[in-house]
Amino acid sequence: MVPLSFCGHDLVPLPDGAVFWPARRALLVADLHLEKASWFARSGQMLPPYDSLKTLEDLEGVIDAAGAREIWCLGDSFHDREGCDRLPADARSLLESLTARTQWTWITGNHDPGFSATCGAAVVEEAEVDGLLLRHEADPRETRPELSGHFHPKLRVRLRGRGVSRRCYVASERKIILPAFGALTGGLDAQSRAILRAMGGPAAALVPTRDRLLRFPLAA
Amino acid sequence: MTARAAGQPAPDLPPVIADWFAGRGWRLRRHQAEMIAAARGGRDALLVASTGAGKTLAGFLASIADLIETPQEGLHTLYVSPLKALAVDVQRNLMEPIQEMGLDIRVETRTGDTPSDRKARQRARPPHMLLTTPESLSLLLSYPEAETMFASLKTIIVDEIHAFAPTKRGDLLALAMARLQRLAPGLRRAALTATVRDPDGFRGWLSPDGDFEAVALVRGEPGARPDIRILLPEDRVPWSGHSGRYAARQVMEEIEAHKLTLVFCNTRSLAELIFQDLWSENENALPIGVHHGSLSREARRKVEGAMARGDLRGLVATASLDLGVDWGDVDLVIQMGAPKGSSRLLQRIGRANHRLDEASEAVIVPGNRFEYLEARAALDAVEEGELDEDLWRPGALDVLAQHIMALACAAPFDADDLYAEIRTAAPYATLPRETFDRVLHFIESGGYALRAYDKYKRITQGKDGLWRISHPRYAKQHRLNAGIIVDAPVLDVRFRNGRKLGTVEEYFASTLTPGDTFFFSGLSLEVEGIKDADLFVKATAKPARIPTYVGARMPLSTNLANRVRRFLHEREEWRRFPPDVREWLRIQDERSVLPQPDQLLVETFPREGRYYMVAYSFEGWNAHQSLGMLITRRMETMGLSPIGFVSNDYAIACYSLKPVEDPRPLFSPDILEDELVEWIQTSHLLKRAFREVAVIGGLIERHVPGKRKTGRQVTFSTDLIYDVLRKYEPDHMLLSAAWEDAKGRLTDIGRLADLLDRAPRTMVHRALDRISPLAVPVLVLIGREKVAMGTADDELLIEAESLAEEAMRLN
C-alpha cells in the first residue's frame, strides 16, 4: 500500500477502489450503484439480485482491513433514488450494521439526488473535510483540492498483443477521481475526453498493485 | 437442380407436372418418386443425397402435386434452411417450374432481411409456400396470429439438416416443429441432408415422437466418384505451416486451367493471406475474389453477384460458402491445408459440378507433413465411404428459455401441456420436469433462489392456471432480442471516408495500436485509430500482421485421427507417401519411436536451455488447448517452471525451465477434477459462454431500439454479472447452461477425458538428447502463441509503466 501525497495530505488509493485517509481513519468510495440489478429487473432484465450484497460485503472487507471509522460515499451510492427502499433484507441489515458502527456520510449524485436514507447516516450534497472537497462530479473550475467519482474511470493497457483493463484512479495536482466501487458498474476509458475535461489539466491514471502505485500519464 | 434422363416411371403425378417433366425431356428420379410416395402415404421422410441430385425439387414436388390436386388458401408448406441466402436461392429455383407449369402457387421468403410491412402482410395473408430460417420461424411463432396462420400447414421441409441439427439452431427448430405439430396436427415433416454417417440419428431428430423407423429413409443415387488429388509442388511437403501457402504458384496455375475454382481455407485470417499470395502470383490479372463471414454484407453480395454472373475465375472462401447455394458453375474445389474431416471434405467437393454423372474435381494442398498424412487419410476415408461422427447433445436450456418466452408472447399456455409438447422435440425428449420448471422460473423472474423480483414478473400464472406475459412490452422486447447467434463484440473496419470494409472482433482490435498493419478484405491495412465502434484504417504497402479471430476451431475428426495414427505405425502404407515424408517417418523411428495406434507417445528433450515435452495425442486443437492450460498449471504446482505451450491438431508441446523427468503424473485423470474446474471457471472461456447464454436466454437485452447493432450493445458487462452470480448462486440455470457450452463446444472435454483415461496404460515415454523429427511441426509454432500465468496481468501493467517511463525520460 503506497501513500500518495495530495495537497499536504497522505492518502492511500487501495487496489480495491477505495481511498484510505490514515490521518482521519476515513475511507472514501464512489459510485456503489446499489440496487442497480433490481432497477433493471423492473424493465424485464432480471440481473442477479445480489449486487448490493456483493458490493457491501466487499466494502465491509475494506473497512475492516483498513480499520476505518469514518466512511464517505461520493455519490451514486444507489442506482436510483428509490434504491435504498428496495434493498433486500440481508443487504439492508449489513448496511445498517455498517452505518451504525462507523461515522457514515452519503453524498448525493446524479443517480440518487435527494434520496431519503432509510438505512441510516447523514445525506449531504457535498462536504469539505480538513480542506479537501468531497463531491460527486468534478468541477473543472474548482480551485480547492477535490475528490470525486461519477466517471467510473478504467485503464486499458496493451502490450505484446495482450490487453489488460482495470478500474483506476485519475489524479492531478489538485483533483482525484475515484473508480466505481459497485459490483455491476461498468467503466469509462481514462483517456476519454469527458474525464480529461473534468480534470482541467495534466493528469495521470493511477493503478495500485500490492506494493506499488503505477502511474500512467494521460494525454491532455 | 433437376436431374436428367434415366429416371423412374412417374407415380400418379398430376398431368401438369408429368407434362412439364416430359417437356424438358426429363423423368422423375427414383428418390424424387420415393419422396412423393412417402408424402402420399402420409409419412415423414429423410432424403440423404449428395449435392447436385435434384434434392430441393424432390422435397417440394409432393407439395406442388398436393396443391394442384387439393387447392387451398393459406400456408401449405414451410421450408426452413440454415441460410437466408439459401432461402432466396431456392425461391428462385422453385419459381421457375411453378411458372412454367402455369400454377397459381404463391412462394415467398421471410428472413431477417424481409421488410416489416411484408412480414405483417405475410401474417395476415400467408403465401402457399413460405421459405424461412429457424430464427424467423421462431419469431413467427411469437405472434398471436401463429395459431390461424399455421392451422392450414401440411408440410415442413428442412434443408441441409446435417449442417445444424446438432446445434443450438437445431434445438430452436426442433422446438418450433413441436409447436407447429400442435397447431397443425396433420403436419408432415420432410428433411434433406448431405450424406451423413448416422441417418438414423437424423431420422430420430426429425421424428415427432422419437420413433425413427416411422420416418421413411430415401437415398439419392450415388454420384460419380469425386476425383481428388493431393497437390505437392516438386513432390515436397514442408516441415511446418498449416496453410499450403508455399503452393500459391501451383494453385494459381490450377485456377488458370479451370473455369471457376473455389479455394477453401479453414480460417478467415488464412483466407486473407491466401488471397494475398494468389494475387501476387496472378500474372494474367484474372478476376479473383475473397469471401468470408467478417466481410461486410455489401462486400459479400458483390462477390456472390460476380460469381453468379460468371465474372470470377477464382474465389477464396471459408465455411461461409460451405452450404449449397448455387452461385456459379464451379469446376474445381481446392482445399488449402488440412481437410479436418471426411464429411466436410465431401461437402466442400460437392460444390464443384452439380451434375451427378460427372466426377467433381478437387485438390488438397497439405500445409505440413502431418497434414499430408491427414489429407491422405481423408482421401482413403472418402474412397471407403467412411464419414465423420455426428455429435448429438441434449438441447440447450438458454434456447428452451427463448422458445418458451416466444410462445408466451403468442398466447397463454398451460405448463403441463407445454412440458409434454417440448418433450416431443428430440433434443428435449428426456428433459426432467424439474429442469423445465427451473427454466419457467427463470423466464418469470430470473430464476433466483431469493424471490427478489416477484413484483416484476415477466410472465404470471392466472387464476385459470394459464401463464401469460404480464405486459405487452415484454413481447416487443422478446422479438427485438430473439436469435441464436450471439456475435462476439466487433468493431467496424472503415476508411476515413466512412466506407465500411467489414468487422473484426474487439479482442483482436484491442491488440492493435496506430501504425500496426493487418490483412483484411484482400488489402493490407494500417491502423489509424479506434473511435467508439470504428477501427479506422488506410491502405498500405507495408507487410501486414495476421488478423486473429478468437474462438473454437473445427478440430480434426476422430476417424481421420485414427487413420493418421495407423499410417505412423504401418510401414507398408509409407510406399504411397512422397520421399521426404517417408524419410521423416524413418528417422523418427530410428531416433525415437513411432507409436502404435493405441499408444500415447511422449518425448522429452532439452533445447537451448529449455526443456521440452511433446505429447502426440491426436485429439484435435480444442482439446489440446485445454490440455495445455491444465498441464502447464500442474507443472507450475510441481515446481517445473513452465514457460508456455503450443499445440496443433496432432500434438501438444510444453516448455519449461526444469526438465519433466516423468510425464505420467501430468497426464493423470484427476487433472480433470482438480485443475480443469478451476481453470474453466476462471478462464475467459466460461465468461464467453455465459455472455452467449445470457443473451439467448433473455437475461439481458442485446438490442437497444434505434442504436447500432454491434456486439458492444449488450448493455452490461456480462463478466461482472457472471462474477456476482457465481459467488451467490452457483447453481443458477444460466451457469449450468454456460458450463455445458464451455465443456462441450469450446474445450472438447469428452475427447480430453478419453485421452487422460487411457494415458496411464498407453503412455510410452522417450527421453531424447535432442528434438525428434515428429516434434518439428508443432515446435515451430512457438513464438506465435503466448501463455500467461499467475499474476501476469500485474506484471504486464508494471512493464507497460516502465516502458512509458523510459520513453518519456528526457535526459
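In this text, all values refer to a predicted model and were calculated from it rather than measured experimentally. (Residues numbered from 1 in each chain as written. Chains lettered and ligands numbered in written order. Predicted model: local features only at pLDDT ≥ 70, side-chain atom pairs only at ≥ 80, totals over all residues. Heavy atoms only, no water.)

Colleague: Would you mind showing me how to read the overall build of chain B here?
Modeller: When its secondary structure is counted, chain B shows 30 helices and 25 strands. A total of 811 residues make up chain B; the buried ones form 58% of that total. When the accessible surface of chain B is summed, it comes to about 32,500 Å², and 50% of that surface belongs to carbon and sulfur atoms. (Helix = DSSP H or I, 4+ residues; strand = E, 2+ residues; numbered from the N terminus. Buried < 20%, exposed > 50% of the residue type's maximum accessible area, 1.4 Å probe, protein only. Areas by Shrake-Rupley, 256 points an atom, 1.4 Å probe, with all protein chains shown as cover.)

Colleague: Explanation requested: the overall build of chain A in the structure shown.
Modeller: Each helix and strand in chain A was counted, giving five helices and 17 strands. Here chain A holds 220 residues, and 59% of them are scored as buried. For chain A, the exposed surface amounts to about 8,600 Å²; the carbon and sulfur share of it is 48%.

Colleague: Would you take a moment to explain the side chain of R565(B) for this structure?
Modeller: With respect to the helices, strands and loops of the structure, R565(B) is situated in helix 21 (residues 558-569). With near-sequence residues (within four places) excluded, R565(B) lies in contact with P597(B), S617(B), F618(B), E619(B) and R758(B). (Contact = heavy atoms within 4.5 Å.)

Colleague: Can you walk me through the pattern of salt bridges in this structure?
Modeller: Opposite charge on two side chains lets them pair, provided their charged atoms get close. All names here are of chain B. According to the stated counting rule, one finds 66 salt bridges over all chains in the structure shown. Between R586 and E590 there is a salt bridge, with the nearest N and O atoms lying 3.3 Å from each other. Of this pair, R586 and E590 both sit in helix 22 (residues 579-591), four residues apart, which is roughly one turn of the helix. With a relative accessible area of 35%, R586 lands in the partly exposed category. Of the charged contacts, one joins D769 and R591 as a salt bridge, the two residues approaching to 3.9 Å between their closest N and O atoms. Taken together, the residues D769 in the loop between strand 25 (763-767) and helix 29 (776-779) and R591 in helix 22 connect sequence positions 178 residues apart. Given a relative accessible area of 59%, D769 falls into the exposed group. (Salt bridge = Lys/Arg side-chain N within 4 Å of Asp/Glu carboxyl O.)

Colleague: How should the sheet that holds strand 10 (residues 288-291) of chain B be read in this particular structure?
Modeller: Residues and elements named next belong to chain B. Taken in spatial order, the six strands of this open sheet run 8-13-12-9-11-10, and their pairing is parallel. In this open sheet, the two strands that pair with only one neighbour each are strand 8 (227-230) and strand 10. Averaged over all adjacent pairs, the angle separating strand axes in this sheet is 20 degrees, with direction ignored. Across four bridges, the pairing between strand 12 (residues 332-336) and strand 13 (residues 361-365) is parallel. If you follow V333 over to strand 13, its bridge partner there is A362. Sheet strands touched by helix 12 (residues 268-281): strand 9 (261-264), strand 10, strand 11 (314-317) and strand 12. Its angle to strand 10, the strand with the most contacts, is close to 175 degrees. (Pairing = 2+ DSSP bridges. Axes fitted to C-alpha atoms, helices over the stretch in contact; angles between N-to-C directions.)

Colleague: Before we go on, may I ask you to explain the packing of aromatic side chains in this structure?
Modeller: Note on aromatic pairs: each is described by the distance of the centres and the angle between the planes. Going through the model one piece at a time under the given rule, you end up with 22 aromatic pairs over all chains. With a centroid separation of 5.5 Å and an interplanar angle of 10 degrees, the aromatic rings of Y50(A) and Y728(B) are classed as stacked. With one member in each of two chains, Y50(A) in the loop between helix 1 (36-41) and helix 2 (51-66) and Y728(B) in helix 26 (residues 718-728) form a pair that bridges those chains. As far as the burial class goes, Y50(A) and Y728(B) line up, both buried. (Phe/Tyr/Trp six-rings, centres within 6.5 Å; stacked < 30°, edge-to-face > 60°.)

Colleague: Would you explain unusual backbone geometry in this entry?
Modeller: Negative phi characterises most residues that are not glycine, and trans characterises most peptide bonds. All names here are of chain A. Phi at D31 is positive, roughly 50 degrees, even though this residue is not glycine. Positionally, D31 belongs in the loop between strand 4 (26-29) and helix 1. On the basis of relative accessibility, which here comes to 0%, the residue D31 falls in the buried class. At H152, a residue that is not glycine, the phi angle is positive and equals roughly 55 degrees.

Colleague: It is not clear to me how the pairing of strand 16 (residues 203-208) of chain A should be interpreted in this structure. Could you clarify?
Modeller: Every other side chain in a regular strand lies on the same face of the sheet, so the side chains alternate between the two faces. Residue and element names in this part refer to chain A. By the criterion of burial, strand 16 is predominantly enclosed, with six of the six residues buried. Inspection of the sheet shows strand 13 (residues 169-171) paired to strand 16 by three bridges, in the antiparallel sense. Residue pairing in the sheet places Y169 in a bridge with L206 of strand 16. Bridge count between strand 16 and strand 17 (residues 213-218): six bridges; the pairing is antiparallel. The residue of strand 17 that forms the bridge with A204 is P217.

Colleague: Please explain the packing of helix 16 (residues 397-410) of chain B against helix 18 (residues 433-445) of chain B as it appears in this structure.
Modeller: Geometry of a packed helix pair, given as the angle between the helix axes and the separation of the axes. Residue and element names in this part refer to chain B. Direction vectors running N to C along helix 16 and helix 18 enclose 60 degrees, while the axes themselves pass 10 Å from each other. Judged on the interaxial angle alone, helix 18 and helix 16 are oblique. You can see that helix 16 and helix 18 cross each other, and the crossing is right-handed. Mapping the contact onto sequence places L397, L400, A401, I404 and M405 in helix 16 and T435, F436, V439, L440, F442 and I443 in helix 18. Classifying every residue of the contact of helix 16 with helix 18 by side-chain character gives 10 nonpolar, one polar and no charged. (Parallel < 35°, antiparallel > 145°, perpendicular 65-115°, else oblique. Left-handed = near helix turned anticlockwise from the far one by under 90°. Nonpolar A, V, L, I, M, F, W, Y, C, P; charged D, E, K, R; others polar.)

Colleague: What is the right way to read the sheet that holds strand 13 of chain A from this model?
Modeller: Pairing between the strands of a sheet comes from backbone hydrogen bonds, and it takes one of two forms, parallel or antiparallel. Residues and elements named next belong to chain A. An order of 8-9-10-14-13-16-17 is seen for the seven strands of this open sheet, with the pairing classed as mixed. Strands at the two margins of the open sheet, each flanked by one partner only, are strand 8 (127-129) and strand 17. Across the sheet, the axes of successive neighbouring strands diverge by a mean angle of 25 degrees, strand direction being ignored. The pairing of strand 9 (residues 132-134) with strand 10 (residues 146-148) spans two bridges and is parallel.

Colleague: Whenever I open this one, the confidence of the model for chain A confuses me. Can you help?
Modeller: In regions of low pLDDT, the predicted coordinates are not meant to be interpreted in detail. Mean pLDDT over chain A works out to 91, with 96% of the residues at or above the 70 mark. At the level of individual helices and strands, chain A shows its lowest average pLDDT in strand 12 (residues 162-167) of chain A, which scores 75, and its highest in strand 4 of chain A, which scores 98. (pLDDT = per-residue confidence, 0-100.)

Colleague: Sorry if this is basic, but what is going on with the side chain of D112(A) here?
Modeller: Residue and element names in this part refer to chain A. Mapped onto the elements of the fold, D112 is located in the loop between strand 6 (103-107) and strand 7 (122-124). Engagement of the side chain of D112 in a polar contact is seen with the backbone nitrogen of D76, the distance being 3.3 Å. There is a polar contact of 3.2 Å between the side chain of D112 and the backbone nitrogen of F78. If we skip the residues at most four places from it in the chain, D112 touches G75, D76, S77, F78, D80 and R81. (Polar contact = N/O pair within 3.5 Å; in protein donor to acceptor, adjacent residues only side chain to side chain.)

Colleague: Any chance you could explain the pairing of strand 5 (residues 155-158) of chain B here in plain terms?
Modeller: All names here are of chain B. Across the two faces of strand 5 the burial is the same, with T155 and I157 and I156 and V158 all buried. In this sheet, strand 5 lies alongside strand 2 (residues 77-80) in parallel orientation, the contact comprising four bridges. Within the sheet, the bridge partner assigned to T77 lies in strand 5 and is T155. Note: strand 5 against strand 6 (residues 188-193), four bridges, orientation parallel. What sits directly across from I157, in strand 6, is A190.

Colleague: Please explain the confidence of the model for chain B as it appears in this structure.
Modeller: Residue and element names in this part refer to chain B. When pLDDT is averaged across chain B, the result is 85; 86% of the residues are at 70 or more. Considering each helix and strand of chain B separately, the mean pLDDT is smallest for helix 30 (residues 792-808), with a value of 61, and largest for helix 17 (residues 415-422), with 98. Per-residue pLDDT stays below 50 along residues 704-714; that stretch engages in 29 contacts with residues further than four places along the chain or on separate chains. Note that pLDDT drops below 50 for residues 783-792; the model gives that stretch 15 contacts with residues more than four away or on any other chain.

Colleague: Just to check I follow, could you spell out the environment of T193(B) for this structure?
Modeller: Residue and element names in this part refer to chain B. Tracing the backbone through its elements, the reader meets T193 in strand 6. On the basis of relative accessible area, T193 is assigned to the buried category, the value being 0%. T193 sits 33 residues away from E160 along the chain, and the two C-alpha atoms are 4.9 Å apart. With residues near it in sequence (within four places) discarded, T193 still touches L46, L47, V48, A49, K55, I161 and H162. Of the polar contacts made by the side chain of T193, one reaches the side chain of H162; its length is 3.5 Å.

Colleague: Explain the nonpolar core to me, please; I cannot follow it from the model alone.
Modeller: Buried together is how nonpolar side chains tend to be arranged in soluble globular proteins. By size, the foremost hydrophobic cluster in this structure holds 125 residues, and its most contacted members are L27(A), L78(B), F150(B), I404(B) and F690(B). The residues that make up this core include at least three from each of domain 1 (15-219) and domain 4 (592-811) of chain B. In this structure F690(B) touches T718(B), I721(B), Y722(B), L725(B), L734(B), L735(B) and A738(B), once residues within four positions along its chain are discounted. Core analysis: the second largest hydrophobic core is formed by 47 residues, L560(B), A561(B), W574(B) and L585(B) among them. (Core = buried A, V, L, I, M, F, W, Y, C linked by side-chain atoms within 4.5 Å. Domains from an automatic or database assignment.)

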